[in-house]
Amino acid sequence: MAKVKTQKLKKFRTIEKAPAYEGYVPGHRTCQGCGPALCYRLVAKAAGPETIFVGPTGCMYVANTSYTCGPFAVPWTHAQITNGGAIGSGIEAAYQVLIRKGKYDGPLPNVIVMAGDGGTVDIGLQAMSAMMYRNHDALFVCYDNESYANTGIQTSPTTPYGAATTFTPPGPMVPEGKKLYPKDACQLVIGGHPAVKYVATASVAYPVDLMNKVIKALNYKGPTFLNIHCPCPKGWKFDADKLVQVGKMAIETGMWTLYEWEGGEYTYQREPEEILGVNEYLKLQGRFSHLTQEHIANQQAFIDAKLKAPGIAVELPTASSEPEM
Ligand code: SF4
Ligand code: MG
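All values derive from a computational prediction rather than experimental measurement.

Thresholds, definitions, all that
Residues numbered from 1 in each chain as written. Chains lettered and ligands numbered in written order. Predicted model: local features only at pLDDT ≥ 70, side-chain atom pairs only at ≥ 80, totals over all residues. Heavy atoms only, no water. Buried < 20%, exposed > 50% of the residue type's maximum accessible area, 1.4 Å probe, protein only. Helix = DSSP H or I, 4+ residues; strand = E, 2+ residues; numbered from the N terminus. Arc of directions from axis to C-beta. Polar contact = N/O pair within 3.5 Å; in protein donor to acceptor, adjacent residues only side chain to side chain. Phe/Tyr/Trp six-rings, centres within 6.5 Å; stacked < 30°, edge-to-face > 60°. Lys NZ or Arg CZ within 6 Å of the ring centre and 35° of its normal. Salt bridge = Lys/Arg side-chain N within 4 Å of Asp/Glu carboxyl O. Donors = N, O, S within 2.8 Å, 3.2 Å for Na, K, Ca; no water. Near = heavy atom within 4 Å. Nonpolar A, V, L, I, M, F, W, Y, C, P; charged D, E, K, R; others polar. Axes fitted to C-alpha atoms, helices over the stretch in contact; angles between N-to-C directions. Parallel < 35°, antiparallel > 145°, perpendicular 65-115°, else oblique. Left-handed = near helix turned anticlockwise from the far one by under 90°. Contact = heavy atoms within 4.5 Å.

Caption draft 1: Spatial organisation of helix H6 (residues 185–192). Buried within H6 are the following residues: Ala 185, Cys 186, Val 189 and Ile 190. For H6, the angular spread of buried residues about the axis comes to 125 degrees, placing them on one side. N-cap assignment for H6: the residue whose side-chain oxygen lies 3.3 Å from the backbone N of Cys 186 is Asp 184.

Caption draft 2: Region of interest: the packing of aromatic side chains. Scanning the model with the defined rule gives 14 aromatic pairs in all. Judged by centre distance (4.9 Å) and plane angle (5 degrees), the ring pair of Phe 72 and Trp 76 falls under stacked. For Phe 72, a relative accessible area of 15% corresponds to the buried category. When its relative accessible area of 21% is taken as the criterion, Trp 76 is described as partly exposed. Positioned over the ring face of Tyr 206 is Lys 248, at 5.6 Å from the centre of the ring. Geometry around Trp 236 places Arg 287 over its ring, the cationic atom sitting 3.9 Å from the centre.

Caption draft 3: Structural detail: the pattern of salt bridges. In the structure shown here, the tally under the stated rule is nine salt bridges. Of the charged contacts, one joins Asp 184 and Lys 306 as a salt bridge, the two residues approaching to 3.8 Å between their closest N and O atoms. Of this pair, Asp 184 sits in the loop between strand S4 (139–144) and H6 while Lys 306 is found in helix H11 (residues 293–308), placing the two residues 122 residues apart along the sequence. Note on Asp 184: relative accessible area 25%, which makes it partly exposed. The exposure class assigned to Lys 306 is partly exposed, which follows from its relative accessible area of 38%.

Caption draft 4: Quick look at the coordination of the magnesium ion (ligand 2). Looking at the metal site, the magnesium ion (ligand 2) is ligated by Asp 117 (OD), Asn 145 (OD1) and Ser 147 (O), spaced 2.0 to 2.3 Å from it. Mapping the donors of the magnesium ion (ligand 2) onto the primary sequence gives the spacing D-x27-N-x1-S. The same class applies to Asn 145 and to Ser 147, which are both buried.

Caption draft 5: Main features of the site of ligand 1. Taken together, Thr 30, Cys 31, Cys 34, Pro 36, Cys 59, Asn 145, Ala 149, Cys 232, Pro 233 and Lys 234 make up the full set of residues adjacent to ligand 1. For the shell around ligand 1, the class distribution of residues is seven nonpolar, two polar and one charged.

Caption draft 6: Expanded view of the packing of helix H1 (residues 35–47) against helix H7 (residues 207–219). Running from amino to carboxyl end, H1 crosses H7 at an angle of 50 degrees, the nearest separation of the two axes being 9 Å. In terms of their interaxial angle, H1 and H7 are classed as oblique. For the element pair H1 and H7, the recorded crossing hand is right-handed. Where H1 abuts H7, its residues Leu 42, Val 43, Lys 45, Ala 46 and Ala 47 lie against Pro 207, Leu 210, Met 211, Val 214, Ile 215 and Leu 218.

Structure (structure tokens):
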């Protein structure tokens, strides 16, 4: 077998030390303040030029590629929303065959599937799961904007309880909008895929943490998974300049947590001493503006239980202590 150079990407401490390289450049048509577009830029920056992206259908395919143009400075291919994991697996396996036959001497590219939540834990679940299961040396990133955004903001399995979407409009029969609680992508991957080396959550509001997690994931040999919180101003109904504020408030209220899982152990990157009530997050977004005190208490109870599960030692707000919307 040919000896192939493997990439060793370097972590960094501050945004000033981030790579100057840009792999996701101007020329796309995403909305102003788009969380997934910022996510793409940060992932591409961290991964560097020796990278291949697979883009299953979603906003980051539809709004990024039009009339044979795209903002990718590295090889990128579209996949169906069902099969991002299969295409990523195939590309990685093809490189392994070329290496085995002595027809490629590297460096081995980073193979990254960039899928939305629908392409990860709903329509794309089987292919993502297969890629994680079969020990491919590749990274699967879920840019989680909690909806099927490119087709008009329909509900997905990661849409939070109580969110208004075009498929879950609040009304007399279902006043809270979405009645179901969201799927947990990372727990699905951790719980069911023994070959997986590294799983982490991240947020576009914390870019240094996000990029270092990309670097760490890519430096592993084997399947790795990142779930990245990507607020969507259009679908979540907030002003474009509030992207970072909404992202940070998700962490402050426990609606999103930042953690890594490796070797069976969890570490938390931000374990606040005090968690704010979920309403501080909900009230920033029009998709929750119809919620009553009862619905907010339901949301609080769900988040309290979720935070207690991995054992974060923090005083939680009570479900009934919410301020008025
Ligand atoms: Fe980005 Fe949301 Fe607009 Fe899609 S709908 S391009 S995810 S802001
Ligand atoms: Mg989505």
